[in-house]
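Residues per chain, in single letters:
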Amino acid sequence: MTTETPQHAPPQALRHPRREELDLTEILCALADPNRLRVVAALVGQPPGSVRPYSWFGLPVGKAGRTHHFRVLREAGLITVEQYGNRTAVSLRRDDIESRFPGLLSAIRAGTAPRDTPGEPATAQAEGL
């Protein structure tokens, strides 16, 4: 007997902390890593409700490292991660973060330098440097 998987499988359930469980210490620890800060800064610069695949961020790490960084961000409550089979989508928990820690996302936006668009090669890499 063969079972077919639907093309658009429902998202797998991952634990995300509730709004009232968000802890500033955990959030700041998660943001202490430059790769994770880059992810959140990129999402802050997107329109509210934007959803991006892992690959869009172009993190300079392998698959295991990428998975680790997104897990840390999810467990801290900064992002929502939805898995659809082998595809994963990420969005910023903008309303929850602003509700618990007003001004935090503005500080992240102001404190991070603009970079090349995630998902595109860095200028130096594109030039072969």
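Basis of the calculations
Residues numbered from 1 in each chain as written. Predicted model: local features only at pLDDT ≥ 70, side-chain atom pairs only at ≥ 80, totals over all residues. Heavy atoms only, no water. Helix = DSSP H or I, 4+ residues; strand = E, 2+ residues; numbered from the N terminus. Contact = heavy atoms within 4.5 Å. Areas by Shrake-Rupley, 256 points an atom, 1.4 Å probe, with all protein chains shown as cover. Salt bridge = Lys/Arg side-chain N within 4 Å of Asp/Glu carboxyl O. Buried < 20%, exposed > 50% of the residue type's maximum accessible area, 1.4 Å probe, protein only. Axes fitted to C-alpha atoms, helices over the stretch in contact; angles between N-to-C directions. Left-handed = near helix turned anticlockwise from the far one by under 90°. Nonpolar A, V, L, I, M, F, W, Y, C, P; charged D, E, K, R; others polar. Pairing = 2+ DSSP bridges.

Trainee: Sorry, what's going on with the overall build of the protein here?
Mentor: Of regular secondary structure, the protein possesses six helices and three strands. Each helix and strand of the protein, ordered N terminal to C terminal, gives the series α-α-β-α-β-β-α-α-α. Partitioning the contacts of the protein with sequence separation of at least 6, the portion at a separation of at least 24 is 65%. Carbon together with sulfur atoms contributes 52% to the accessible area of the protein, which is approximately 8,200 Å² in total.

Trainee: Help me out: how do you make sense of the pattern of salt bridges in this one?
Mentor: Side-chain pairs of opposite charge can arise where the charged atoms are in close proximity. Per the stated rule, a full pass over the model turns up six salt bridges. Between Arg15 and Glu21 there is a salt bridge, and its shortest N-O distance comes to 3.1 Å. By relative accessible area, Glu21 is classed as partly exposed at 31%. Arg18 is the partner of Glu20 in a salt bridge, and the nearest nitrogen-oxygen pair spans 2.7 Å. One connected set of salt bridges, linked through shared partners, spans Arg15, Arg18, Glu20 and Glu21.

Trainee: Mind showing me how you'd approach the packing of helix H2 (residues 34-44) against helix H3 (residues 63-76) here?
Mentor: Helix-helix packing: each pair is described by the crossing angle between the helix axes and the interaxial distance. It is the contact of H2 with H3, at a shortest axis distance of 10 Å, that shows an interaxial angle of 65 degrees. Our pair here, H2 against H3, has a crossing hand that is right-handed. Seen from H2, the contacting residues are Asn35, Arg36, Val39 and Val40; seen from H3, they are His68, His69, Phe70, Val72 and Leu73. When the residues that make up the contact of H2 with H3 are grouped by side-chain class, the tally is five nonpolar, three polar and one charged.

Trainee: Could you clarify how one ought to interpret the pairing of strand S2 (residues 79-84) in this entry?
Mentor: In summary, the side chains of a regular strand alternate between the two faces of the sheet. As paired elements, S2 and strand S3 (residues 87-92) share six bridges and run antiparallel to each other. In the strand pairing of S3, Ile79 is matched with Leu92. Hairpin remark: S2 followed by S3, antiparallel, with two residues in the connecting loop; positive phi at Gly85, about 65 degrees.

Take it as geometry only, folks, not as evidence of what the structure does.
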